[in-house]
Amino acid sequence: IRVANSCDVKDGKIIRVNLPSNYIARFQALEYNRTFLMGRVAWSSINGLMLISGACGIFDREIVLKSGGYDSKTVGEDMELVVRMRRYMYEKNEKCRVVYIPDPLCWTEVPEKIKILSRQRNRWMRGTIETLIKHKSLFLNPKYGNLGMLGIPYWFLFEWMAPFIETLGIIYVIMVIAIGSPNWPFFIILMGFTYLFAVVFSAWSIFFEELSFPRYRRNGDIVKLILISLIEPIVYHPLNVWFALKGNYHYLTGVKSWGKMERKGFA
């Protein structure tokens, strides 16, 4: 799955791949590149995937029906169905694999407004919480292989809990500075390392794409993506933390709506 914003589209086909001109979409182009091309390829290699993106997923129809089909009561139907199908196969002692294909088969339009992006990420978080709670018996359960021992714990810690951990960390740092007892050398080294790690990881995902499935024809687009990776940890990531916190709040308050997704289309 890749970002289609600003690409030249004719008769439903991508004619020319362009870097999004909108900066919100450009951040997501980098994010999708990092998450899909690297993250999901890695999870796929150890058969630990628990999500097939709703934008493009191919399912074994027979197993879908046997495991109960789509759950109409969740807002994260794609993730919940994959986890339930895998759970069904483990409980039937049948072998199964969930595989991610890195070569882009689907080009999707991503939100270009913060308000629409907020609705999307809010829903993603609520869907994640619903799935993790519904299938909590899989957590660290060796019966379910890498799904129970790696996939579920990872999503619990790094997707559900991460916004709280980050927020508490920020509050703690502010408190330490306020009482006047920070270890500035250590603080600066740690912040610098964290920032550089994020930037290098994003930059490597860009180079990895160019080595494996190059799509951007202009070298300037690659340079722009690398430049956007320099500000992503400071601008875009904090927004996603805030959206995730709102998603948790809306889950607790019983919000079930998807939220309207406005799209420009490719006319």
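Residues numbered from 1 in each chain as written. Predicted model: local features only at pLDDT ≥ 70, side-chain atom pairs only at ≥ 80, totals over all residues. Heavy atoms only, no water.

As for the overall build of the chain
For step 1, the next point in the chain: Each helix and strand counted, the chain has eight helices and four strands in total.
For step 2, the next point in the chain: Starting at the N terminus, the α and β elements of the chain follow one another as β-β-β-α-α-α-β-α-α-α-α-α.
For step 3, the next point in the chain: The C-alpha radius of gyration of the chain comes to 20 Å, within 12% of the 18 Å expected for a compact globule of 267 residues.
For step 4, the next point in the chain: With the principal axes as the frame, the chain shows a C-alpha extent of 60 × 50 × 35 Å.
For step 5, the next point in the chain: Burial statistics for the chain: of 267 residues in total, 42% are counted as buried.
For step 6, the next point in the chain: Expressed as a percentage of contacts within the chain between residues at least 6 apart in sequence, the contacts between residues at least 24 apart total 76%.
For step 7, the next point in the chain: Accessible surface for the chain amounts to roughly 15200 Å². Of this, 66% is attributable to carbon and sulfur atoms. (Helix = DSSP H or I, 4+ residues; strand = E, 2+ residues; numbered from the N terminus. Rg over C-alpha atoms; globule rule 2.2 N^0.38 Å. Buried < 20%, exposed > 50% of the residue type's maximum accessible area, 1.4 Å probe, protein only. Contact = heavy atoms within 4.5 Å. Areas by Shrake-Rupley, 256 points an atom, 1.4 Å probe, with all protein chains shown as cover.)

Observations concerning the side chain of Asp78
For step 1, the next point in the chain: Counting through the fold element by element, Asp78 comes out in helix α3 (residues 77-91).
For step 2, the next point in the chain: Summary of buried charges: Asp78 has no salt-bridge partner, and the nearest side chain of opposite charge, Arg123, is 6.1 Å away.
For step 3, the next point in the chain: A polar contact of 3.0 Å, which involves the side chain of Asp78, links it to the backbone nitrogen of Gly54.
For step 4, the next point in the chain: For Asp78, the contacting residues outside a window of four places in its chain are Leu51, Ile52, Ser53 and Gly54. (Lys, Arg positive; Asp, Glu negative; His and termini not counted. Salt bridge = Lys/Arg side-chain N within 4 Å of Asp/Glu carboxyl O. Polar contact = N/O pair within 3.5 Å; in protein donor to acceptor, adjacent residues only side chain to side chain.)

What to know about the packing of aromatic side chains
For step 1, the next point in the chain: Under the definition given, this model contains 13 aromatic pairs.
For step 2, the next point in the chain: Ring geometry for Phe27 versus Tyr236: centroids 5.2 Å apart, planes at 10°, classification stacked. With Phe27 in helix α1 (residues 23-45) and Tyr236 in helix α8 (residues 219-252), this residue pair connects regions lying 209 residues apart in the sequence. Pair check on accessibility: Phe27 and Tyr236 agree, each one buried.
For step 3, the next point in the chain: Plain terms: the ring middles of Tyr90 and Tyr144 are 6.0 Å apart, the flat faces sit at 80° to each other, and that makes the pair edge-to-face. One end of the pair, Tyr90, is in helix α3; the other, Tyr144, is in the loop between α4 (114-134) and α5 (145-160), and 54 residues separate them in sequence. Across the pair, Tyr144 and Tyr90 agree in class, each one buried.
For step 4, the next point in the chain: Among the aromatic residues, those joined into a ring-pair cluster are Tyr32, Phe36 and Tyr100. (Phe/Tyr/Trp six-rings, centres within 6.5 Å; stacked < 30°, edge-to-face > 60°.)

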